[in-house]
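Examining the three-dimensional arrangement
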Amino acid sequence: MALSISHLGYRKLSRVIFEWQAADRALLLAVFVLMEITSHWLWCLFVWWRQDIYGSYVNMELLYPLWIGITVLGAFFLWMVSRSSPIRKDNGSLYKWQAILVTLYSIYIALVILVMGHSSLVSGVSLVGGAMLGMMLIRRRYVWKAFLGHIVLIFLVTLIPYFGFTIPNLRQMTITSFPLDTYSYLTYSETTAIENAISASIFKNGTLSWDTFNQLRFSSAFFWRSTHIYMSLPKAIFIIYMFRTLLLILDNSKAEIMQYANQDELTQLKSRRYGLTQMQQALLKMGDKQDFSVILLDLDWFKSINDNYGHDVGDQVLSEVAQTLVKSVTEDAIVSRYGGEEFLIVLPDTKHDSAMTIAKQLRLDIAQHVISSDTSTDFNVTASLGVYTLTHDERARIQNEYKAADLKESTQPLTSSQKQNDNIKGSQKGRSKQFDSNQDSLKQGSSKQSSSQKRVAHRRKRVATEIAKAQLPSDICQRLICIADKALYEAKDRGRNQVVSANDMLMVESSKATSLYAII
């Protein structure tokens, strides 16, 4: 794969990180290193060319061997980049190539930090930025070891002068009246601070004028500050750009993961899990005088559609019906695909009469919608709907029963409480068998859950805890759907393409209302 600077765009950088082979990423890092070495070589050339002006600020005896070393290292890196074919075929050669690359670059950066000053801007950007960039492109173990080596070097450079050793420095002091025997690596920072203060004395009233601009331009302080900016700022900007792009990639990946977890791929509606979570949250926000309605919708004779027209047409029917549902309800409604050809519509703060009106309109909209298949066959589908509304009075009654049962359990003796717990578990198992089986399946597959699934499970657990604090059964949503489901099957028994009210059914059989909401 050819390497070029055009690969630094947002989309292509994402492919570099996630799709390129390890050999291509290592070559890209080698190209970056070669570009940095080239910029340092050009700086040496500039100082040599203008040594009549800047020669007094730079230790020329140290510059020449440094320049030669940069030239040799640059030629070696250029040779490494040009001889990259073996590393594409053998992982062993690739790892050796990466180790040589990291080792030589680490030695080079250590040398630059040494001669430029370990407390300079160049050393900070090279130490942190170089390590972060390397971890993105090559084996992190090599980069981590190199980073630790640089940390050790900084400690050694800081401590060695205290033992009488002289460390060379590329910056040459221009203070002539300063005692020469007092300047060393130990007093480098203090001496440069004095030199900078002397250079700043050319400013009148602390401001820069055209008369003092030339004096500043040829001063030692301005030269070395410009050098630090030249050697560190482009590298810092590039590394920040890389990590900004990486964060954008991660944000987009997170958004895609959450969309995949929360949205049904076929219908683009909320998934069953996310729809139930939204339903729970809407139930928690329900006011004291607000009703809460649920509609469960099932397409009639859907299996025959798949059998007669094929599954592709069946998918088309589900998608078009989903869009019809979204267009027919308000933004406050929660529409999700509950499973197969079933859809769940949650209507917060909606009275039963309004919910029935909405359900009847949905039935008409679906029945009137024409499905046009690729085989030039047009047909219509129908749906059966079950509606249930949890009134605010019924909600208050459930809360009172839940609170009374909880108080009764807490005041009973320990042995009696244990027996009651066994009875509670047995009755709850029979009453919410489907919900318990779903929970068991989640526990069995917990070891295989991805991080996004674990976050969703944690969020559902937190919402269930909040529901318990609201003095409602933890499976209240499943109970409401179960009641609506009974009305749905009644609609199918009546010949399909019907809307049935579960509230009306419960009024006829009032004895069942208590059993549906009983705590034990």
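First things first, this report covers the structure right here in the doc. (Residues numbered from 1 in each chain as written. Predicted model: local features only at pLDDT ≥ 70, side-chain atom pairs only at ≥ 80, totals over all residues. Heavy atoms only, no water.)

Description of the nonpolar core
Residues Trp-43, Val-58, Phe-77 and Leu-170 are the most contacted members of the largest nonpolar core, which totals 56 residues. Residue assignment for this core shows that the elements contributing at least two residues are α2 (22-49), α3 (51-54), α4 (60-82), α6 (91-116), α7 (121-137), α8 (140-159) and α11 (220-262). Discounting chain neighbours no more than four positions away, the residues touching Val-58 are Val-47, Leu-63, Leu-170, Gln-172, Phe-223 and Trp-224. (Core = buried A, V, L, I, M, F, W, Y, C linked by side-chain atoms within 4.5 Å. Buried < 20%, exposed > 50% of the residue type's maximum accessible area, 1.4 Å probe, protein only. Helix = DSSP H or I, 4+ residues; strand = E, 2+ residues; numbered from the N terminus. Contact = heavy atoms within 4.5 Å.)

Considerations on the environment of Asn-380
Assignment of secondary structure puts Asn-380 in strand β5 (residues 378-380). Taking the relative accessible area as the measure of exposure, Asn-380 reaches 45% and is therefore partly exposed. As a C-alpha pair, Asn-380 and Ala-367 span 13 residues in sequence and 6.1 Å in three-dimensional space. Setting aside its immediate chain neighbours within four residues, Asn-380 contacts Ala-367, Gln-368, His-369 and Val-370.

Observations regarding the packing of α4 against α6
Relative orientation of the contacting elements α4 and α6 amounts to 160°, with a least axis distance of 12 Å. Accordingly, the angle class assigned to the pair α4 and α6 is roughly antiparallel. Where α4 crosses over α6, the two elements pack in a sense that is left-handed. Residue-level inspection shows Leu-62, Leu-66, Ile-70, Leu-73, Phe-76, Phe-77 and Met-80 of α4 in contact with α6, the latter providing Trp-97, Ile-100, Leu-101, Leu-104, Tyr-105, Tyr-108, Leu-111 and Val-115. Looking at the contact of α4 with α6 residue by residue, the classes come out as 15 nonpolar, no polar and no charged. (Axes fitted to C-alpha atoms, helices over the stretch in contact; angles between N-to-C directions. Parallel < 35°, antiparallel > 145°, perpendicular 65-115°, else oblique. Left-handed = near helix turned anticlockwise from the far one by under 90°. Nonpolar A, V, L, I, M, F, W, Y, C, P; charged D, E, K, R; others polar.)

Here we look at the sheet that holds strand β3 (residues 342-348)
Strand order in the open sheet made by the five strands is β2-β3-β1-β6-β7, with mixed pairing throughout. Each edge of the open sheet carries a strand with a single partner, namely β2 (334-339) and β7 (499-501). Within this sheet the neighbouring strands show an average axis-to-axis angle of 20°, counted without direction. Bridging between strand β1 (residues 292-299) and strand β6 (residues 383-390) involves eight bridges; their strand directions are antiparallel. Bridging from a neighbouring strand, Ile-295 pairs with Val-387 of β6. The strands touched by helix α20 (residues 476-493) are β1, β2, β3, β6 and β7; relative to β6, the strand with the most contacts, the crossing angle is about 145°. (Pairing = 2+ DSSP bridges.)

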